[in-house]
Structures are given as C-alpha cells and as structure tokens.
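What follows is each chain in one-letter form.
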Amino acid sequence: NLSSVPLSVQTTCAYCGVGCGVKATPKADGGFEIAGDTAHPANAGRLCVKGSALGDTISLEGRLLYPMVRPQRGSDELRRVSWDDALGQVADKWQAIIDEHGPDAVALYVSGQLLTEDYYVANKLMKGYVGSANIDTNSRLCMSSAVAGYKRAFGEDVVPSSYEDLELADMIVLVGSNAAWCHPILFQRIAKAKEKRPDMKLVVIDPRRTATCELADLHLPVKPGTDVWLFNGLLSYLNQIGAVDPAFIAEHTNGFDAALAQADAECGDIAKVAKTCRVSVEALTEFYEAFAANAKVITGYSMGVNQSSAGTDKANAIINCHLIGGRIGKEGMGPFSITGQPNAMGGREVGGLANMLAAHMDLENAEHRNAVRTFWDSPRMADKGGLKAVDLFRAIEEGKVKAVWVMATNPVVSLPDADQVRRALAKCELVVSSDIIERTDTNAFADVLLPALGWGEKDGTVTNSERRISRQRAFLPAPGEARADWLIISQFAQRLGYTGFEFSSAYDVFDEHARLSAWRNDEADLPRKFNLAGLAGQGTQAYDAMAPVQWPLLAGEREGAKRIFADGLFSHPDRKARFIPTAPRLPANLPEEDFPLTLNTGRVRDQWHTMTRTGRSAKLADHIPESFIDMHPQDALIYGVREGELARLTSKWGAMVARVQHGGGIARGSVFVPIHWNNQTSSDARVGALVNPVVDPVSGEPEFKHTPVRIEQF
Ligand code: SF4
C-alpha cells in the first residue's frame, strides 16, 4: 500500500561495499526518483552511475513472484504452489536427509546481497539448530582472504580505519583495486582530497593500467601474483633504513623477528625484488622511499589481493608493513580492505562464513561455541568448520551433501570451475533457490524456487567497508507473494520443529544480533572489538529511524569508533597483534605450452555481479554492451585473433566465447575478461567456467586472477 509509504525514503545502494546512502522519492508516473542521500556519511549525496540507475532496475519483469516447484528435473516447466506446500516439501525432504545421513548432508549457500538480519537467521538455523556449519557465502569469493589476514594479525576480523582516513592520509597505496570502476564514490573522495592537497601521493599496484591509474603518481604494473615479494621487500627495506617503531613492536606485537627473517631471506635486495615483480628498480625504490617517508599511509586492497591462492599471505604481508611502524589505529593510516559487496561485512558480523560463528566468535573455539550455544539455547551446535564454497560444490557432486539451498546468488555463473557447479546441482537430490529473478543459470537447476523480496522492498541493515551500519528501507510494496529472507528461513525453521525463530520483524532479528554482540564481550576469554551494545534494546521506532553508525558502539554511546586499535589492544588472548611470516609463492597454475596466457577476471564500471539487476538498465548497457577479451595487440597478432572479432578462450576447466578488444591497459601475456555475462545474456559467456578452482589454503578464496588459458579464432 503505497499511500502508507512516506514521501521520501532513505535507504542504501544495492551494489558495492562503499555503502552509499540513497533517497527514493515517488514520481507522478509511478516510478521513483533516485538520488544520493546528502545525510549519509559515505557519499554525502553523490552516487555513481550504477547507483543513479537503481530506479531503472525495479520493474517486475522477469521477477519470481510465487513459490514454484519443478515437476521434472531438466524441464523448463515450473508449477506454482502455495508457500505452505513449498516450505512443507523442502522441510520434509531436508529432515529426511538429515535423519538418514546426518546434518552435514544439507547446506546453505548464501550471499553478500542478503541483509544482516537474513544472514543472522540463516546462520542461527544451520550452526545452532541443524548442527552443521555447512553454510557458506559468495563473500568467500570476495573477502575471505582479507578476513583471514585480519584474524591472523589482530585476532579478529576488524577493519581498523574509516573512509575519512583515506582523505587524511599523505599517501594512499591501492593494491589490486580498480577503485575508479569498482568503488567509484570512494575513489571520488580520494580524487577530491588529492585535488585539495596535490602533495598527497597515490600509488597503484596492479598488473593492469586501469582507470584508477589515471590519478596515480606512481603505477607499479607488477607481474601477477608477486605481491608478497613486493611487500616482504618493503618490510625488509623499512627495517634496513630504521623506519620502525621499536616501542610499538615490543609492547603491542609478537612475531616480528620471524616475519623479518622471512622477508630478508628472499626479498632483502631491491634489485632482486624488482626483477621478480617485473617492475623497474627506480619505480620500486620510489615506492619504498615514499612509504618510509610518509607516516600517514593507508594501504587499500581489494580483489587483486584477495582472489589468490596466496591471498591471506598477501593481506598479512601488507599488514606487517603497517605494524612495523605502528601505522595503525591513528588518523590517516592503516591497512584497509575494501569490501566488494553491499553487505559482505554484515555477513561477517553474524558468522556468514563456514568457519565463523556469530558476533565475531570462532567456531573452532570451545569457549566461543559455549557462549553462543547458551545465548541461543541451541539444541545442536556445530562443533567444527563447514565446507567452504568450492569444497561445498565438490561435496555436492560427490554425493556427500544431498540438499543445497542457494540464497540470493548465482553460483553457476560466479564460482570457479562453473561447469563443475552445474554438474553438482544436476546431481544434488534437492536444490532450493530463494531469489528475486525466476530464470537464472542457477535457477535452471532448482527443484523449488522461493520468491524473495528485493532491494527497495526489503527492510534491514547492511554494513559497509568502514564498519558503518546503515538501514535498507522498503519503499515498494512486496510483489506477488515474495517474502523477506529472514522470514522464509524463520518459517522453515519452525516447520523443522525448532523454537527460537519466532521473529516478527527485522527489528526483532537485529535486536537479538546486537544483544549477542555484547554477550559476555568483556570477559577475558571473549574479548571482541565487535560490539553493538549501544544498539541493543533500542525499540522498533529507533531502529526504523536509525542513522548510519559505525561499530563498535558501546552501551550508552551514540557515535561508533572511527578507528580501532588506537589503544594498542588487539583481540588475541595476549592482546597483541601478530606479525605473520609470509613465504612468497607463485600462483598455483602457471602458463604452459598449451595454455600460454594468464586470465585475469574482474568487474566493469557499469555492471554488477551476474547482471540480474543491472542488466535491466539500457543506460548501464551503453557503457559496455557485451562481454570481451581484452588483450595486448602484439599477443593478438601472435595468436591470430583480431580486435572486434569473436574468439574462443579455453582453459583446462572450460571455454567461453567473446569479442577481442585492446586498450584495457593489459600487459603482454595476460588477458582480462569481465565476470558479469552469463548464459542468460549470450551462450558460452560464463568466464567462471574457465577459472581454476584452486583456493587459498587458509581462507578458501579462489584464484580468480590467475588461470592459464589459450585463445583461438572462433
Ligand atoms: Fe552504489 Fe557503490 Fe556506486 Fe555507491 S559507489 S552508488 S554503493 S555502486
């Protein structure tokens, strides 16, 4: 009922982890005017082209509006059923599988597109009631290396800095981040700060010369996969010239000597490091000298660091370089992972990854498990980590996991070795998908489709890259019979006979989450920086009116913390940070005779994920209308393909077809393909089919940035 909707609604953008505030105002023609929210601290009224086009993406065309079942596997036919029927069928089959094969035979695969409330309920169900940690998220593909790096270094998954620090820094180093395209408003903030203070130095470390490099004072086009050499070299250099903070190292850290010895062993010589990283000695020296000379340095890193078989070590190699000089927790300095999805961070808070527990507690820690079990009054608590994304879909193909429920994501397009995902789903006994779109590459395998509320229809919270929690608010009526994800899972849990899911609103869920974050948080065995005590028990009205706020927010506080670790107290039991020795290693699969080129994947400026939303906007399609293979003109000559013509790209895992183009700033020996296009947009367009399924041994994040391929005329 739109008459009950206020004139203008403040919400947040559906896309990237910058988390911009959006104002939606109804127009006379029934549409909505979308504008940046001037009151939101992340964007102060600005929106990038994707955010500005949100209004083009809210039509009901192609929407999944009713629960559907597929009477026959492999058929296109879907039959509408009632919610009762759909949830009943899923609950019966799910329970039968658990009874026969145990709780690890079922799984949820969820998404950074979910709201924190959705994520919380899904995790509570699996880890505290079903008794399995087989719930993983597509954030595994995006941020899990950054999470693992923080946890190893700080004892907790904590981003120490705020966006404001990027403006206050004297030097910003962006590693593996094309922020100009992937985090545009954050990049605009950096550009503005640099305009005001031209002395502010921007260094971009990226194998590609991306749009971000246009603003850079220095671009280091490193050889793909050599980041650990580069940052170990920096650690060694900083020590050699005495750019260290011995008091900070002694009082607040452990492990310095071992990390330094590791760095010195292979990376103590700049000329050798430059050769390994394939950059000039002069450029590398300029970077090292500038890092040493500027106290206020922010190192921002994103998918180029995380999506690697050495992603966690890369993150720790960066953090080591901040710890050596005590450059953390203070104005304008710190290691800063930039989140990909709108709520990857909120998912982390509620334990959205298979190896985590709610409220930044650890599944593998008995004290933490006990605390959560008591709080939830849970009947069956998972006591070990669950299957991470790539392993989960392998286990499905092997028949070990027999039922999977996919929520708000499209793994047949987005996971590596995506044809394996197709095989896995085809074999799985029960595939359920909660989605807003009816026809996707993944939904083609679903036995049961459940209509979820989408952006503009759902209510809850998201957390952006600077730990700022913002409300997403509904300004559209629920279409058809679509329901909120937290409600779908709660009703499903009740059908399984569980108590503890009697939530009647998103506020109820958020309140429980906030109370859990404060639960025993000041005790010696559970010290966590993550704390929402100041938001617990606030009441529905305050929740509805909640302004964007950063965590931690302690009881009685109105403003959260801009910076964390200023007190020098970390979350390891001894309250000290850890230097982590990082032994450099090359990507797992290197180019060879049959596959001589290296495939790198990533986003384009105006599309998002698998295009189920952005693909509806003609304005967004104008930027880049179809998929492409970007490569160096000399490589095109050598391999006999021509710009503007179709070519086939093949790896050991799969193949795809797209048009060749030049001009994307790519070095010889590499090709770049965007991640967005899929088989709903054109056939053989999924780059995920080619990507090697090798993962980082600590984080489980796949190596999306480095797969050997060959190219041929199509
Ligand atoms: Fe949305 Fe990100 Fe653009 Fe902001 S920068 S408007 S959050 S896509």
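Values in this document were obtained by computation on a predicted structure and should not be read as measured data.

Participant: Quick question: what am I supposed to make of the sheet that holds strand β5 (residues 79–80) here?
Facilitator: Strand-to-strand pairing in sheets goes through backbone hydrogen bonds, with the strands running parallel or antiparallel. Strand order in the open sheet made by the seven strands is β5-β4-β18-β17-β16-β6-β7, with mixed pairing throughout. The outermost strands of the open sheet, each flanked by one partner alone, are β5 and β7 (135–137). Pairing of strand β6 (residues 106–110) with strand β16 (residues 403–407), which is carried by four bridges, proceeds in the parallel orientation. When the sheet's bridge partners are listed, V106 is paired in β16 with A403. Running over the sheet, helix α3 (residues 116–130) touches β6, β7 and β16 and is turned about 160° from β6.

Participant: Could you clarify how one ought to interpret the domain arrangement of the protein in this entry?
Facilitator: Where interface size is quoted, it is often the accessible area lost as the parts come together. Domain parsing of the protein yields domain 1 (2–57), domain 2 (68–142 + 345–458 + 482–506), domain 3 (144–338) and domain 4 (597–713). One C-alpha centre belongs to domain 1, the other to domain 4; they are set 31 Å apart. Taken together, the contact between domain 1 and domain 4 spans seven residues of the former and nine residues of the latter. When grouped by side-chain class, the residues that make up the side of domain 1 that touches domain 4 number four nonpolar, one polar and two charged.

Participant: Help me understand the packing of helix α2 (residues 83–101) against helix α20 (residues 485–495), please; the structure alone is not making it clear to me.
Facilitator: The axes of two packed helices give the description: the angle between them and the distance between them. Contact pair α2 / α20: the axes reach a minimum separation of 9 Å and the direction vectors enclose 55°. The pairing of α2 with α20 is recorded here as oblique in orientation. Note that α2 runs across α20; the crossing there is right-handed. Judged by residue contacts, L87, G88, V90 and A91 of α2 engage Q491, F492 and R495 from α20. Partitioned by chemical class, the residues of the contact of α2 with α20 number four nonpolar, two polar and one charged.

Participant: Looking at this model, I keep getting lost on helix α12 (residues 281–293). Mind explaining?
Facilitator: Note on helix geometry: an α-helix contains 3.6 residues per turn, so any two residues three or four positions apart are oriented the same way. In this model, α12 (13 residues) spans 18 Å end to end at C-alpha, consistent with the 18 Å of a helix rising 1.5 Å per residue. Among the residues making up α12, those that are buried are L284, F287, Y288 and F291. Projected onto a plane normal to the axis of α12, the buried residues spread over an arc of 95° and lie on a single side. On its buried side, α12 packs onto β8 (171–175), β9 (201–205), β10 (218–220), α8 (227–240), α11 (270–277) and β12 (297–301).

Cut-offs and rules
- Counting restarts for each chain: residues are numbered from 1 in the order of the written sequence.
- It should be noted that, the model being predicted, local features are given only for residues of pLDDT at least 70 and side-chain atom pairs only at 80 or more, the latter also being counted only at that level, while totals for whole chains, interfaces and linings use all residues.
- Only strands joined by at least two bridges in the DSSP assignment are considered to pair.
- Helix and strand assignments follow DSSP, with helices taken as H or I runs no shorter than four residues and strands as E runs no shorter than two, numbered in order from the N terminus.
- We call two residues in contact when their backbone-placed C-beta atoms lie within 7 Å.
- Angular values range over 0 to 180 degrees, each being the angle between N-to-C directions of two axes fitted as lines to C-alpha atoms, with helices fitted over their stretch in contact.
- Per the annotation, domain bounds derive from an automatic or database assignment of domains.
- In this count, Pro and Cys sit with the nonpolar residues alongside Ala, Val, Leu, Ile, Met, Phe, Trp and Tyr, while Asp, Glu, Lys and Arg are called charged and the others, Gly among them, polar.
- Should an angle fall under 35 degrees it is taken as roughly parallel, and over 145 as roughly antiparallel, whereas 65 to 115 is taken as roughly perpendicular and any remaining angle as oblique.
- Should the near helix be turned counterclockwise from the far one by less than a right angle, the crossing is left-handed, whereas a clockwise turn marks it as right-handed.
- An expected span of 1.5 Å times one less than the residue number is assigned to each helix.
- Any residue with 12 or fewer other C-beta atoms within 10 Å of its own C-beta is exposed, any with 20 or more is buried, and the rest are partly exposed; the C-beta atoms used are placed from the backbone.
- Each C-beta atom gives one direction from the helix axis, and the arc is the one those directions make.

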